[in-house]
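# Per-entry structural report
So the chains spell out like this:
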Amino acid sequence: MSTPPFLTLPRCARAERVVTGRGEFAALRAEPTGPVRGSALLVPGFTGSKEDFIALLEPLAAAGYRVTAVDQRGQYETGGPDDPAAYGVGALGADVRALTGALTADGTPLHLLGHSFGGQVVREAVLAAAAEGPLPWRSLTLVSTGPGAIDPAEAARTELLLDALRGMDLEQIWQVMRQLEAESGQPRPSLEPAVAEFLHRRWLANVPRALSVTGGHLVAAPDRVAELAAATAGLPLLVLSGVRDHAWPVPEQTAMAERLGARRVVVADAGHSPNAERPAATAEALAAFWG
């Protein structure tokens, strides 16, 4: 999971709920102090939340962008039902389209971004929208995501989680994960107490059914890059990642960018979550692309 570097909102941002035709979504929203150049919707990945983007809010708002980061259905403060149909990528993509409608009601151009599993969700949103008419987004950015299923080693770890979800509650799984970290000889780096407490609280707030369905997608996701390339003809595309990635190998992401005809940015000294690990460089790359 991504680890936000801090939790205190900058002065330009606030927490709120975005009301859509498919329900309400917990969000962090940042407003520029000067002229608005555009707006952006940021969609987090598996086990993530809107806080994964908290360090991007201030620099992107300073660059003139109105930014909305959300919890997907089943994540942290959005919640959701114990119904597997609510968490398929098609249903989550429909949520993204509903959020898009709410955020573009004032006519401000909207840039769409998905991180990790969120990248595959926004892909579904784009494919569904393209089947109905012109796309409502100004650009599409895929951050640390890949063309299909996750790397086999990561898939094996995800399968362990899926097995655990069948017989354990989230607190029990959390304790097992912490024990495995301690026994691995590579424990998690020391965290501020507030961040460590947040990670625990966020994990417990996940809807278990959502974890099961979305985790199952990650280990068996189809490659839909050719479809996406056809659907986004004329739409500016960016594929951004760190220099290393445990979920999708970086060369695989580069090949995906080539297949899409997308701009490619690799953020130095970053791993799977450049948005949290190197937010200044990531925000600079996003603002340059959106501009």
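Use the structure listed above.
Structural notes, computed from the coordinates. Remember, predicted model here, so these are calculated numbers, not experimental data.

Definitions and cut-offs
- Residues numbered from 1 in each chain as written.
- Predicted model: local features only at pLDDT ≥ 70, side-chain atom pairs only at ≥ 80, totals over all residues.
- Heavy atoms only, no water.
- Helix = DSSP H or I, 4+ residues; strand = E, 2+ residues; numbered from the N terminus.
- Rg over C-alpha atoms; globule rule 2.2 N^0.38 Å.
- Buried < 20%, exposed > 50% of the residue type's maximum accessible area, 1.4 Å probe, protein only.
- Contact = heavy atoms within 4.5 Å.
- Areas by Shrake-Rupley, 256 points an atom, 1.4 Å probe, with all protein chains shown as cover.
- Lys, Arg positive; Asp, Glu negative; His and termini not counted.
- Charge placed at Lys NZ, Arg CZ, Asp CG, Glu CD.
- Polar contact = N/O pair within 3.5 Å; in protein donor to acceptor, adjacent residues only side chain to side chain.
- Pairing = 2+ DSSP bridges.
- Axes fitted to C-alpha atoms, helices over the stretch in contact; angles between N-to-C directions.
- 1 Å grid on protein atoms, 1.4 Å probe; cavity = no way out; pocket = protein on both sides within 12 Å on 5 of 7 lines; lining within 4 Å.
- Points joined across faces, edges and corners; volume = space filled by probe spheres on them.
- Nonpolar A, V, L, I, M, F, W, Y, C, P; charged D, E, K, R; others polar.
- Core = buried A, V, L, I, M, F, W, Y, C linked by side-chain atoms within 4.5 Å.
- Expected span 1.5 Å × (residues − 1).
- Arc of directions from axis to C-beta.
- Parallel < 35°, antiparallel > 145°, perpendicular 65-115°, else oblique.
- Left-handed = near helix turned anticlockwise from the far one by under 90°.

## Topic: the overall build of the chain
- On a plain count of helices and strands, the chain comes out with 11 helices and 8 strands.
- Taken against the 2.2 N^0.38 rule, which gives 19 Å for 291 residues, the C-alpha radius of gyration of the chain at 18 Å falls within 12% of a compact globule.
- Judged by the C-alpha coordinates and their principal axes, the chain covers about 50 × 40 × 40 Å.
- Taking all 291 residues of the chain together, 53% fall into the buried category.
- A sequence separation of at least 24 residues applies to 79% of the contacts in the chain between residues at least 6 apart.
- Taken as a whole, the chain presents about 12,100 Å² of accessible surface, with 54% of it coming from carbon and sulfur.
- Separation of charge centres in the chain, based on 25 positive and 32 negative side chains, amounts to 5 Å.

## Overview of the side chain of glutamate 51
- Note that glutamate 51 resides in the loop between β3 (38-43) and α1 (54-62).
- On the accessibility criterion, glutamate 51 (8% relative accessible area) is buried.
- A polar contact of 3.2 Å, which involves the side chain of glutamate 51, links it to the side chain of lysine 50.
- When residues no more than four places from it in sequence are discounted, the contact partners of glutamate 51 are Pro4, Leu7, Leu28, Asp71, Tyr76, Glu77 and Phe198.

## Concerning the sheet that holds strand β1 (residues 13-20)
- With respect to topology, 8 strands assemble into an open sheet ordered β1-β2-β4-β3-β5-β6-β7-β8, the strand pairing being mixed. The sheet terminates laterally at β1 and β8 (263-267), the two strands that pair on one side only. Direction aside, neighbouring strands of the sheet carry axes that sit 25° apart on average.
- Sheet topology note: the β1/strand β2 (residues 23-30) ladder contains 8 bridges and is antiparallel. Across the sheet, valine 19 pairs through a bridge with glutamate 24, a residue of β2.

## Observations concerning the layout of surface pockets
- Quantified by volume, the largest pocket comes out at close to 1,500 Å³.
- Looking at the largest pocket, it is lined by 41 residues, and the ones nearest its centre are Met1, Glu154, Arg157, Glu181 and His246.
- When residues of the lining of the largest pocket are assigned to their parent elements, the largest contribution, 7 residues, is made by helix α5 (residues 170-184).
- Within the lining of the largest pocket, the residues separate by chemical class into 18 nonpolar, 14 polar and 9 charged.

## Some details on the nonpolar core
- If you look at the biggest cluster of nonpolar residues, it comprises 51 residues, and the most contacted ones within it are Leu41, Val96, Leu112, Leu140 and Leu260.
- With 7 residues, helix α3 (residues 117-130) is the single largest residue contributor to this core.
- Excluding residues that lie within four positions of it along the chain, leucine 260 makes contacts with Leu142, Val225, Leu228, Ala229, Leu237 and Val239.
- One finds Ala30, Leu57, Ala61 and Val67 within the second-largest nonpolar core, a separate group that totals 27 residues.

## Here's the deal with helix α7 (residues 208-220)
- For α7, with 13 residues, the first-to-last C-alpha span of 19 Å sits near the 18 Å given by 1.5 Å per residue.
- For α7, the set of buried residues is Ala210, Leu211, Thr214, Gly215, His217 and Leu218. Projection of α7 onto a plane perpendicular to its axis shows the buried side chains occupying an angular sector of 155°, all on one side.
- Summarising the contacts, the buried residues of α7 are in contact with α2 (89-103), α3, α4 (152-165), α5 and α6 (193-205).

## A look at empty space enclosed by the protein
- According to the stated counting rule, one finds 3 cavities of 30 Å³ or more in the structure shown.
- Along the walls of the largest cavity sit 13 residues, with Thr47, Gln75, Phe117, Ala210 and Thr214 positioned nearest its centre.
- Take the lining of the largest cavity: its biggest share by element is 3 residues, from α7.
- A class-by-class count of the residues in the lining of the largest cavity yields 5 nonpolar, 7 polar and 1 charged.

## Concerning the packing of α1 against helix α11 (residues 279-290)
- Their axes nearest at 9 Å, the elements α1 and α11 cross at an angle of 45°. Judged by the angle between their axes, α1 and α11 are oblique. In this structure, the crossing between α1 and α11 has a hand that is right-handed. Between α1 and α11, the contacting residues are Ala55, Leu56, Pro59 and Leu60 on the first element and Pro279, Thr282, Ala283, Leu286, Ala287 and Trp290 on the second.
- Residue classes in the contact of α1 with α11 are distributed as 9 nonpolar, 1 polar and no charged.

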